[in-house]
Structures are given as C-alpha cells and as structure tokens.
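Descriptive structure summary
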Amino acid sequence: MFSTVLSASLQGMQAEFIYVEADVGNGLPFFHMVGHLASEVKESAERVRTAVKNSGIQIPPRKVVINLSPANVRKRGAAFDLPIAAAVLAANGVISQETLVNVLIIGELSLDGGVKKVPGILPILLEAKEHGCVRCMIPKENEQEGRSITGMEVIGVSKLTELIEVAKKIEQEGEKIVWKNHKVSGERNIEVEDRCQGSEDFSEIKGQTFVKRAAEIAVAGEHNLLLIGPPGSGKTMVARRIPTIFPPLSMEECIEISKVYSVAGFLDEKRPLILARPFRAVHHTVTKAALVGGGLHPVPGELSLSHGGCLFLDEAAEFRKDVLEVLREPLEEQKIHIVRNGGSYLFPADTIVVAAMNPCPCGQFPDYNRCRCSEQEIRNYLGRISGPLLDRIDLCVDVPKVRYESLIQTDEEETSDIIRARVCAAREIQKKRYEGQKKQTNGRVSVKTLMEHCELDPEGKEKMKRSFETLQLTARSYYKVLRVARTIADLEGSEKIESTHLDEALIYRTMDQKYWR
C-alpha cells in the first residue's frame with residue numbers, strides 16, 4: 001500500500017514543502033529511507049518504529065520504504081518524525097489516506113510516542129496557508145504559536161495516538177469537524193504593545209539635549225547612530241531608552257519579527273507573538289556567527305533578532321575589528337545572506353544600529369588635562385572603527401560630560417511619550433510620502449526615491465557643495481546627510497528641506513571629523 005503526507009522544512013526563513021511517501025509491501029521486513037537525508041532524519045526510522053510500538057499500535061512486519069521528495073533538497077531536523085509515522089500508519093490502513101489531504105504535519109517523536117516541540121512553526125504555517133493547506137497538525141507545545149495564523153485549522157497533538165484519533169474523527173464527520181476546541185483562526189484578539197516594557201524613560205536623563213535630539217531623529221527616520229564620549233556621560237542610558245520612543249508595531253510587523261524568533265527557537269509557548277519592538281544589547285566578546293548568524297546549520301544572529309527594533313553595541317571600540325566589519329553589507333541591505341555547501345540562507349536585518357564608545361582607552365580624550373593616552377594609543381583605539389563602517393553611520397554624536405548644574409536642575413525633562421508622539425507623526429508623513437514603496441522611511445528608501453523628495457534650493461545646493469569638499473564626504477555620506485535632513489524637516493512638519501535642517505544634518509557628519517580626521 002502507498003500513502004503520501006505533506007510536511008515542510010526550513011531553509012533560512014523560507015519553508016520548503018516536503019512530501020513524505022510511504023510504500024508498504026511484501027518482502028523481508030525492513031525500514032528503508034531515501035531522499036537526500038541528514039543523519040538526524042535517517043535516525044527517524046528507529047524513533048518512528050519504537051514510538052509506534054510503544055503507542056500500542058500493531059504493525060505487521062513488512063517491507064517499508066520511505067521517500068522524502070523532492071530528492072534534491074537536503075532534509076534536516078527531527079520535525080519529519082510525525083509525518084513519517086502518519087505516512088506509515090496510512091499505508092498500513094490504520095488511518096485513512098483521504099483524511100491527510102491538504103493537511104500539513106510536523107513534529108518530533110519521543111520513543112514513548114510523545115510529540116515534541118520543534119522550531120520554525122510560524123514561517124512554515126504562513127507558507128502552508130499560501131500553499132493551500134486547510135489544516136495542520138503540529139506539536140501541542142507549538143499550538144499557541146500556530147494559532148497566530150488566520151484562516152487555518154491548527155490542531156495540536158501531544159501523542160501519536162492523538163493524531164490517530166483526530167484522523168478517525170475527521171473521517172467520520174468530514175470537513176465539518178472541529179477537533180475539541182480547535183477552531184479555524186479568525187480575527188486576532190491580540191493587543192499590540194505600543195512600547196517596550198520597563199520603567200525607563202527619557203525624562204530620567206538630565207541635560208544632554210543634543211544627544212536626545214539625535215536619538216529622536218534616528219528613530220524617526222530609521223538612521224544608525226554612534227555615540228562617542230567619556231565614561232559616565234549617559235551614552236548607555238540614552239541607548240537603552242530608545243525603545244521607549246519607537247512607534248507601535250503593526251500586526252504584520254509582529255508576525256514578521258515573530259518568524260525570526262520562531263526560526264531561532266526563542267518564542268515563548270505562552271507568548272506566541274513578539275508584540276513589542278526588540279532591543280538587543282550585544283557584549284563586545286560576541287563572535288561573527290552570533291552577531292550576524294551562521295553555524296553549521298545557519299540560524300539568525302543578534303542582528304536579525306533585533307529586526308524591526310534596535311541593536312545596541314556598547315563599547316564598540318572593544319569589539320574585534322573583523323566582527324564589526326561583517327556589519328557593512330547588512331547595514332546597507334537590511335538583510336543577511338549566508339551561503340553554505342548545504343544551501344543559501346537569507347535572514348532579515350532591518351534594524352537601527354546604535355553604537356557607543358569612548359574616544360580613547362582611558363576615555364578622557366580630547367581633555368589633555370585628564371587623558372594619559374599616547375597619540376599612537378588613541379589612533380589605534382579609534383582605528384578599530386574603520387572608515388567604511390563609519391561611513392554607514394548616519395549620525396555621529398559627541399556626548400559631553402554631564403555638568404553639575406544639569407544634575408541638580410529641577411526642571412522636568414521631556415518624557416518618552418512626548419518624544420514618541422513627534423516620532424510617530426514624522427513616520428506618518430513618511431508613510432504617506434512613500435506610499436506604495438516597500439520601504440517607507442527616509443533611512444531605508446532607495447536613493448532614486450529619496451532624491452524625488454529632497455529638492456534643495458540654490459542656497460542649499462551651494463552649502464552642500466562646500467560641505468562635500470570641506471568635510472571630504474563620500475557619495476554615501478552625501479546621501480546620508482540628505483536622508484537625515486529630510487527626517488529633521490519631517491519632525492518640524494516642513495515639506496521642504498530648509499537651510500536650518502541642512503545645517504543640523506551636517507553637524508552630525510562633522511562630529512566624526514573631530515576624532516578620526
């Protein structure tokens with residue numbers, strides 16, 4: 001007898017649909033599996049046979065051949081256990097083959113017949129829905145995650161025997177069956193969090209108005225930000241409060257971010273969707289693979305885990321230089337492309353990178369009364385941030401030491417909610433301006449689209465010409481200035497980029513001259 005069951009595997013963020021075919025016939029009893037299988041998939045044969053036996057299901061000893069199609073796709077992971085078992089049971093007549101039509105089955109089996117949780121359910125079910133699947137059977141632990149997808153019947157099973165019960169129930173009552181309380185997902189009754197959790201607020205930062213202004217611009221237009229200043233000046237405090245001024249997530253963004261966390265295996269069973277923008281703070285000992293993703297079987301790194309939010313690199317000059325250099329392409333393309341012998345993997349990386357660093361090993365440069373570093377030590381320290389990487393930073397801000405008068409002032413500082421209101425208003429302007437575009441912020445749109453909305457008057461053009469020559473701007477940094485100026489104008493509610501907007505944008509490009517040139 002022959003049967004086919006639909007399953008899927010992940011290649012990066014993309015789901016590849018796999019057909020599990022089982023043929024049971026006469027001959028010497030053995031269990032043979034083919035289809036370009038990794039070692040963990042080949043081991044499924046023993047797991048499935050033992051799980052079926054320990055579930056109390058009697059299968060006559062016959063020749064069993066399992067094929068995972070298409071044969072040119074490498075199959076990895078233990079998520080094929082459950083579909084292989086279902087195919088064998090259908091081929092032996094334990095369950096009806098008709099009940100498995102347009103049904104996606106995924107799950108790992110334990111030896112006692114239990115079904116274990118697997119990573120990457122969310123992107124797989126999204127692809128399955130587009131593929132035309134009407135029902136899916138997944139591990140019980142993944143059920144809440146699967147319920148995030150609308151328009152599909154999601155059935156969570158904790159044991160192999162439950163899968164058999166579901167199949168028989170479907171056979172008896174047809175497509176009208178709703179197994180237990182598993183309903184076809186309708187409207188999501190999920191309220192998206194409009195800010196990151198925590199009590200941190202910009203009002204707690206005394207002084208540093210210029211730095212907080214730069215953070216506001218960075219979030220409003222999705223610009224990368226570098227904070228440089230002495231220890232204790234508030235660089236980390238500002239960075240850690242940036243999530244509190246992000247605009248709220250849309251449901252589509254929640255799904256997109258949750259897909260990354262699903263692939264990485266970081267989704268909480270009780271909290272199946274990421275409802276707040278991520279903020280990832282990376283220690284300077286991080287490896288390249290941990291930062292951008294990789295490994296023998298590539299998984300998302302910190303850059304992808306901060307997709308849609310903020311990646312904070314504290315003590316940036318303490319990072320290994322080769323680790324920082326891998327950020328070059330992702331900062332430009334907002335995605336990470338990893339190529340291995342086993343395939344090509346693409347992970348999203350649309351995040352605001354915020355870096356903080358001291359100006360020298362002791363942190364006191366250019367205060368020569370306190371700095372004890374030699375010129376060579378300062379040069380080597382700053383040299384860890386290369387010119388090409390610095391060129392990809394939109395705003396470079398000098399964070400001065402906080403004055404005593406600022407610390408004891410009693411005037412109330414602006415709260416995160418006030419700043420956030422301006423950010424949301426600027427984002428709405430950009431959304432309307434770039435309607436129909438894939439990217440809808442000044443920091444992300446293409447140069448061609450940007451230039452259609454960055455017309456400068458004669459005075460502005462002359463100013464940019466002088467600045468280009470004086471500051472030795474590159475073509476990339478020239479457009480960075482225009483992007484920032486456009487965001488400043490949006491925050492002011494101005495349709496055109498005025499001279500004051502351009503002046504402020506240029507200030508953020510002159511700060512790096514103070515240290516690197």
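These remarks concern the structure in this document. (Residues numbered from 1 in each chain as written. Predicted model: local features only at pLDDT ≥ 70, side-chain atom pairs only at ≥ 80, totals over all residues. Heavy atoms only, no water.)

Further remarks concern the state of the cysteines. Applying the stated criterion to the full structure yields 0 disulfides. C136 provides the cysteine sulfur closest to C133, a residue in no disulfide bond, and the two sulfurs are 8.0 Å apart. (Disulfide = S-S within 2.5 Å.)

This part is about helix α20 (residues 475-491). With 17 residues, α20 should cover 24 Å at 1.5 Å per step; its first-to-last C-alpha distance of 25 Å lies within 8% of that length. Of all 17 residues making up α20, 13 are buried, and the element is well covered by its neighbours. One or two residues past the end of α20 sits G493, with phi positive at roughly 75°. (Helix = DSSP H or I, 4+ residues; strand = E, 2+ residues; numbered from the N terminus. Expected span 1.5 Å × (residues − 1). Buried < 20%, exposed > 50% of the residue type's maximum accessible area, 1.4 Å probe, protein only.)

A cluster of nonpolar residues, Y404, L407 and I408, forms a patch on the protein surface that exposes about 340 Å² of accessible area. Relative to the elements of secondary structure, I408 occurs in helix α16 (residues 404-408). For I408, a relative accessible area of 49% corresponds to the partly exposed category. (Patch = residues over 30% accessible without salt bridge, like charges linked within 9 Å, V, L, I, M, F, W, Y side chains within 5 Å. Areas by Shrake-Rupley, 256 points an atom, 1.4 Å probe, with all protein chains shown as cover. Salt bridge = Lys/Arg side-chain N within 4 Å of Asp/Glu carboxyl O.)

Glancing now at the sheet that holds strand β12 (residues 310-313). Each strand in a sheet pairs with another by means of backbone hydrogen bonds, the pair being arranged parallel or else antiparallel. Strands sit in the order β11-β12-β15-β10-β16 across an open sheet of 5 strands; the sheet is parallel. In this open sheet, the two edge strands, each paired with only one partner strand, are β11 (279-282) and β16 (395-398). Across the sheet, the axes of successive neighbouring strands diverge by a mean angle of 15°, strand direction being ignored. In terms of strand pairing, β12 meets strand β15 (residues 352-357) through 4 bridges, oriented parallel. The partner of C310 across the bridge, within β15, is I352. On the sheet, helix α7 (residues 209-221) packs against β10 (225-228), β15 and β16 and is oriented at approximately 165° with respect to β16. (Pairing = 2+ DSSP bridges. Axes fitted to C-alpha atoms, helices over the stretch in contact; angles between N-to-C directions. Contact = heavy atoms within 4.5 Å.)

Cis geometry marks the peptide bond from S69 to P70; its omega dihedral reads 5°. Inspection of the secondary structure assignment puts P70 in the loop between β4 (63-69) and α3 (81-91). The amide bond that connects F365 to the next residue, P366, takes the cis arrangement and shows omega of 5°. Take P366: it is sitting in the loop between β15 and α14 (375-382). Unlike most non-glycine residues, Q208 shows phi in positive territory, near 50°. Relative to the assigned elements, Q208 resides in the loop between α6 (160-173) and α7. One non-glycine residue, Q472, lies in the positive phi region at around 55°. Note that Q472 resides in the loop between α19 (458-470) and α20.

Membership of the largest hydrophobic core comes to 72 residues, with the highest contact counts inside it found for L104, L291, L303, L313, L327 and M357. Examining the composition of this core, we find that 8 residues originate from one element, helix α9 (residues 251-264), more than from any other. Discounting chain neighbours no more than four positions away, the residues touching L291 are V282, V286, G301, E302, L303, L311, L313, V323, V326 and L327. (Core = buried A, V, L, I, M, F, W, Y, C linked by side-chain atoms within 4.5 Å.)

Bringing α7 into the picture now. Look at α7: 19 Å from first C-alpha to last across 13 residues, which is about the 18 Å you get at 1.5 Å a residue. The buried fraction of α7 is high, at 11 of 13 residues. When α7 is considered as a whole, its buried residues turn out to be V211, K212, R213, A214, A215, E216, I217, A218, V219, A220 and G221. The positive-phi residue at the C-terminal boundary of α7 is E222, with phi of around 55°.

Right, let's get into the packing of helix α4 (residues 121-131) against α9. Their axes nearest at 7 Å, the elements α4 and α9 cross at an angle of 125°. In terms of axis orientation, α4 runs oblique to α9. Side by side, α4 and α9 meet where I121, L122, P123 and L126 of the first sit next to I255, S258, K259, S262 and V263 of the second. Looking at the contact of α4 with α9, its residues break down into 6 nonpolar, 2 polar and 1 charged. (Parallel < 35°, antiparallel > 145°, perpendicular 65-115°, else oblique. Nonpolar A, V, L, I, M, F, W, Y, C, P; charged D, E, K, R; others polar.)

This part covers the pattern of salt bridges. Applying the stated rule across the entire model yields 30 salt bridges. Salt-bridge contacts for R320 lead to D322; the nearest nitrogen and oxygen are separated by 2.7 Å. The exposure class of R320 is partly exposed, given its relative accessible area of 47%. According to the relative accessible area criterion, D322 is partly exposed, its value standing at 31%. Note that D391 and R509 form a salt bridge whose closest N and O atoms lie 3.9 Å from each other. Placement of the pair is D391 in helix α15 (residues 387-391) and R509 in helix α21 (residues 499-516), with a sequence separation of 118 residues.

As defined by bridge partners, strand β1 (residues 2-11) adjoins strand β2 (residues 14-25) across 10 bridges and the pair is classed as antiparallel. Opposite Q11, over in β2, you have Q14 as the bridge partner. Hairpin remark: β1 followed by β2, antiparallel, with 2 residues in the connecting loop; positive phi at G12, about 75°. In the sheet, β2 pairs with β4 via 7 bridges, with the strands oriented antiparallel. Each bridged residue has a counterpart across the sheet, and for A22 the counterpart in β4 is I66.

A few words now on the packing of α19 against α21. Contact pair α19 / α21: the axes reach a minimum separation of 10 Å and the direction vectors enclose 15°. Relative to α21, α19 is oriented roughly parallel. When you trace α19 past α21, the crossing you get is right-handed. Contacts between α19 and α21 involve E459, G460, K463, M464 and S467 from the former and S499, L502, D503 and L506 from the latter. A class-by-class count of the residues in the contact of α19 with α21 yields 3 nonpolar, 3 polar and 3 charged. (Left-handed = near helix turned anticlockwise from the far one by under 90°.)

Let's shift gears to the side chain of K480. Examined against the element boundaries, K480 turns out to sit in helix α20. Classification of K480 as buried rests on a relative accessible area of 8%. With residues near it in sequence (within four places) discarded, K480 still touches E332, D391, R392, D394 and R509.

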